[in-house]
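Descriptive structure summary
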Amino acid sequence: MVFIDLTAFRCPVPLVQVKLALKKLPAGETLEVALLDHGSRRDVPAFLEKRGYLVECTQDDHTCLKLLISHVPHTQ
C-alpha cells in the first residue's frame with residue numbers, strides 16, 4: 001500500500017498529486033490518500049469514481065477524509 005498525506009494542500013494540488021501517484025501505481029496495488037481541503041474532499045473522489053477506480057472513503061475524525069483507492073486494470 002502506498003500512502004500520501006495531502007492534508008497540508010488545497011485544491012487543485014491534491015488532485016494533481018493523486019493523478020501522478022496513480023500513474024506510478026502498479027496493478028493490484030492500493031493507494032491511501034488523506035485529505036483536509038473541502039474542495040479536494042469533493043473533487044478527488046468524484047474524479048476517481050468517474051475514471052472507474054474502486055474508492056473506499058472513511059473519515060477518521062471530523063476533518064480528515066481518507067480514501068483507499070484500488071487500481072483496476074483496464075481490459076480490452
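Residues numbered from 1 in each chain as written. Predicted model: local features only at pLDDT ≥ 70, side-chain atom pairs only at ≥ 80, totals over all residues. Heavy atoms only, no water.

The helix and strand tally for the chain stands at 2 helices and 4 strands. Residues classed as buried in the chain amount to 34% of the 76 residues present. Relative to all contacts within the chain whose residues are 6 or more apart in sequence, the contacts with residues 24 or more apart total 61%. Summed over all atoms, the accessible surface of the chain reaches about 5,000 Å², with 55% contributed by carbon and sulfur. (Helix = DSSP H or I, 4+ residues; strand = E, 2+ residues; numbered from the N terminus. Buried < 20%, exposed > 50% of the residue type's maximum accessible area, 1.4 Å probe, protein only. Contact = heavy atoms within 4.5 Å. Areas by Shrake-Rupley, 256 points an atom, 1.4 Å probe, with all protein chains shown as cover.)

Right, let's talk about the packing of aromatic side chains for a bit. Within this structure, the stated rule accounts for 0 aromatic pairs. It is Lys-19 that lies over the ring of Phe-47; its NZ or CZ is 5.0 Å from the centre. (Phe/Tyr/Trp six-rings, centres within 6.5 Å; stacked < 30°, edge-to-face > 60°. Lys NZ or Arg CZ within 6 Å of the ring centre and 35° of its normal.)

Attention now moves to the environment of Gln-59. Tracing the chain through its elements places Gln-59 in strand β3 (residues 54–59). For the pair Gln-59 and Ala-34, spaced 25 residues apart in the sequence, the C-alpha separation amounts to 9.3 Å. Once residues lying within four places of it in the same chain are set aside, the contact partners of Gln-59 are Arg-41, Cys-64 and Leu-65.

Here we come to the pairing of strand β2 (residues 30–35). Burial of β2 is extensive: 6 of the 6 residues sit out of reach of the surface. Going residue by residue along β2, you find Thr-30, Glu-32 and Ala-34 tucked away on one face and Leu-31, Val-33 and Leu-35 tucked away on the opposite face as well. Pairing analysis gives 4 bridges linking strand β1 (residues 2–5) to β2, with the strands arranged parallel. The partner of Ile-4 across the bridge, within β2, is Val-33. Tracing the backbone out of β1, into helix α1 (residues 13–24) and back to the parallel element β2 gives a crossover that is right-handed. Of the pairings in the sheet, the one linking β2 to strand β4 (residues 65–70) comprises 6 bridges and is antiparallel in character. If you follow Val-33 over to β4, its bridge partner there is Leu-67. (Pairing = 2+ DSSP bridges. Right-handed = clockwise from strand over helix to strand, strands pointing away.)

Time to look at the side chain of Ser-40. Within the fold, Ser-40 resides in helix α2 (residues 38–50). Take Ser-40: its relative accessible area is 1%, and that puts it in the buried class. Of the polar contacts made by the side chain of Ser-40, one reaches the side chain of Asp-37; its length is 3.0 Å. Once you skip the residues sitting within four places of it in the chain, Ser-40 turns out to touch Arg-10, Cys-11, Pro-14, Leu-35 and Pro-45. (Polar contact = N/O pair within 3.5 Å; in protein donor to acceptor, adjacent residues only side chain to side chain.)

Enumeration over the complete set of coordinates arrives at 1 salt bridge. Note that Arg-42 is salt-bridged to Asp-43, the shortest N-O span being 3.0 Å. (Salt bridge = Lys/Arg side-chain N within 4 Å of Asp/Glu carboxyl O.)

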